[in-house]
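# Structural characterization, general
Okay, here's what each chain looks like letter by letter:
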Amino acid sequence: MEGETKPNDTSSDEVTPDKVQTDDAPVDGGWVDIIGSGDLKKLVLKEGSGVDSRPRKGEIVTMRTKGQLEDGKIVDAHENFKFSVGEGDALQAWELCVPLMELGEICTLITTPRFAYGEVGRKPDIPPNATITYELELLTVEEAVNLTTLPLEGLCKLADEKRERGNDLFTRYDYSGAINSYTRALQILESDESADEDGFKQLQQSKIKCYNNLAAAQIKVKAYGPALKSCDWVLNHEKDNAKALFRKGKVLAVQGELTEALIVTKKALKLEPSNKTIHQELSRLLAKQTEQKEEQKLLCRKMVGDMANMAETTPPKSKMKNKYAILALLAGLLAVITAVLIQSSE
């Protein structure tokens, strides 16, 4: 389960392929400034097969890639790296560059941390805030996968790849990117409506993993309503899922439903009694509950004091008129005090 770190979320800086400049005429010695900010620049080393051979969204490309850090260290070296264009499956720098490449083209791509590994980097080989120079070659372009003809095993494998990509983005604090990957994985799993009983169970288990991870990412971006729906989907299909209970408790606490939050968090702890993260969350909720009870007690004392002052300052002729009003207030106050005492005893 995720910790309580609060890193910078750079998802607001996201640039999608539709925002890339369509005019990629070379400037500055042949370099193309892909998004016009200087953060991502491309230089063609070998011409490809023409503009018509450029890959489109959804198509599957195979790339040869090699990156170099400023100290000369080689990273991200792949002879046959495959991904679907425009689905967030690859480094954002590559996603933005590939639609501008021709089949067979070789280019140099220089990216700032913004479109690579950001402030976090990637342990153990890429440090934080790394500028990387890549050599990319577009080897093949294939048609997009037809989900309706893909067998169950293929669908689950493809969805798992999307989910794992989401996990990678989550660990690098790109929560919006993670949400996109988890959502795409669920769309893939929803495309099979003809699975048998065993296949249906396999799909459900894959969906549970995706919805659980999706809820975690939604909580990080404070999308509490959608996060609650994600948790409820899991619990409707697996009522004793500790992760979903834990995350639902966090959402309910934020929404002010402290009693319900405590109930589901205690249930999660009962299922995983050695889980330190759940222990910490339950301790936090109990401390918050104690604080609320103290506030209620102070409010009750204040109400009693105000009523006593009112009784002392009321003129004799008005006391009978206010008698029944005071009795009604006292009855209500007694009910509140009783409720607080019962809660305290619990």
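Described below are features of the structure shown in this document.

## Some thoughts on the packing of aromatic side chains
The relative placement of two aromatic rings is captured by the distance of their centres and the angle of their planes. Counted according to the given criterion, the structure contains six aromatic pairs. Taking 5.4 Å as the distance between ring centres and 85° as the angle between the ring planes, the aromatic pair formed by Trp 94 and Tyr 134 counts as edge-to-face. Highlighted residues: Trp 94 in helix H1 (residues 92-97) and Tyr 134 in strand E6 (residues 132-142), separated in sequence by 40 residues. Here Trp 94 matches Tyr 134 in class, with each residue buried. Ring geometry for Tyr 173 against Tyr 175: centres 6.4 Å apart, planes inclined by 55°, an arrangement best described as tilted. The partly exposed category is assigned to Tyr 173, whose relative accessible area is 23%. Aromatic rings pair up to connect Phe 81, Phe 83, Trp 94 and Tyr 134 into one cluster.

## Some details on the pattern of salt bridges
Within this structure, the stated rule accounts for 21 salt bridges. Here Arg 64 ties to Glu 137 by a salt bridge, and the two come within 2.8 Å at their closest N and O atoms. On the criterion of sequence distance, the pair formed by Arg 64 in strand E3 (residues 60-68) and Glu 137 in strand E6 is long-range, its members being 73 residues apart. Classification of Glu 137 as buried rests on a relative accessible area of 16%. Connected through shared salt-bridge partners, Glu 87, Asp 89, Lys 162 and Arg 184 make up one network.

## Digging into the pairing of E3
Along E3, seven of the nine residues are buried, which leaves the element largely enclosed by surrounding structure. Sheet analysis places E3 next to strand E4 (residues 74-84), joined by seven bridges and oriented antiparallel. Counted as the bridge partner of Thr 65 is His 78 from E4. Taken together, E3 and the strand that follows it, E4, pair antiparallel across an intervening segment of five residues, in which Gly 72 is found at a positive phi of about 95°. With nine bridges connecting them, E3 and E6 associate as antiparallel partners. Residue pairing in the sheet places Gly 67 in a bridge with Tyr 134 of E6.

## Focus: the packing of helix H6 (residues 242-254) against helix H7 (residues 258-271)
A pair of packed helices is characterised by two quantities: the angle between their axes and the separation of those axes. Packing of H6 against H7 leaves a shortest axis separation of 8 Å and a crossing angle of 160°. With respect to their mutual orientation, H6 and H7 come out roughly antiparallel. Handedness of the H6/H7 crossing: left-handed. Of H7, the residues touching H6 (which contributes Ala 242, Leu 245, Phe 246, Lys 248, Gly 249, Leu 252 and Ala 253) are Leu 258, Glu 260, Ala 261, Val 264, Thr 265, Lys 267, Ala 268 and Leu 271. For the contact of H6 with H7, the residue count by class is ten nonpolar, two polar and three charged.

## A look at the sheet that holds E6
Within the open sheet, the six strands sit side by side as E1-E2-E5-E6-E3-E4. Their pairing is antiparallel. Strand pairing shows two members of the sheet lacking a second neighbour, strand E1 (31-33) and E4, which therefore form its edges. Averaged over all pairs of adjacent strands, the angle between their axes in this sheet comes to 25°, without regard to strand direction. Alignment of strand E2 (residues 40-46) against strand E5 (residues 106-111), held across six bridges, turns out to be antiparallel. Residue pairing for E5: Lys 41 is matched across the bridge by Ile 110.

## Some points on H6
Helix length check: H6, at 13 residues, gives a terminal C-alpha distance of 19 Å against a target of 18 Å (1.5 Å per residue), a fit within 8%. Of all the 13 residues making up H6, eleven are buried; the element is thus mostly covered by neighbouring parts of the structure. Of the residues flanking the start of H6, the one acting as N-cap is Asn 241, its side-chain oxygen 3.3 Å from the backbone nitrogen of Lys 243.

Conventions we followed
Numbers given to residues run from 1 along each chain, matching the order in which its sequence is written. Side-chain atom pairs in this predicted model are given and counted only at pLDDT of 80 or more, local residue features only at pLDDT of at least 70, and totals for whole chains, interfaces and linings cover all residues. Side-chain descriptors were evaluated using all non-hydrogen atoms of the structure, hydrogens and water having been removed beforehand. Pairing of aromatic rings covers Phe, Tyr and the six-membered ring of Trp, with a centre-to-centre limit of 6.5 Å; geometry is then stacked below 30 degrees between planes, edge-to-face above 60, and tilted otherwise. What counts as a helix is a DSSP run of H or I of at least four residues, what counts as a strand is a run of E of at least two, and both are numbered from the N terminus. Here's how the labels work: a residue is buried when its accessible area is under 20% of the maximum for its type, exposed when over 50%, partly exposed in between, all with a 1.4 Å probe on protein chains only. Throughout this description, the term salt bridge denotes a Lys or Arg side-chain nitrogen within 4 Å of a carboxyl oxygen of Asp or Glu. Strands qualify as paired when DSSP identifies two bridges or more between them. In this analysis, axes come from line fits to C-alpha atoms, helices being fitted only over the stretch in contact, and the angle between any two N-to-C directions falls in the range 0 to 180 degrees. Roughly parallel covers angles under 35 degrees, roughly antiparallel covers those over 145, roughly perpendicular covers 65 to 115, and oblique covers all other angles. Handedness of a helix crossing follows the sense of rotation of the near helix relative to the far helix, less than a right angle counterclockwise being left-handed and clockwise being right-handed. Note on contacts: a residue pair is in contact if any heavy atoms of the two residues lie within 4.5 Å. Three classes are used: nonpolar for Ala, Val, Leu, Ile, Met, Phe, Trp, Tyr, Cys and Pro, charged for Asp, Glu, Lys and Arg, and polar for all others, with Gly counted as polar. Given the number of residues in a helix, its expected span is that number minus one, multiplied by 1.5 Å. A 3.5 Å cut-off defines polar contacts: any pair of N or O atoms within that distance qualifies, except that in protein one atom must be a possible hydrogen donor and the other a possible acceptor, and neighbouring residues in sequence count only when both atoms are side-chain atoms.

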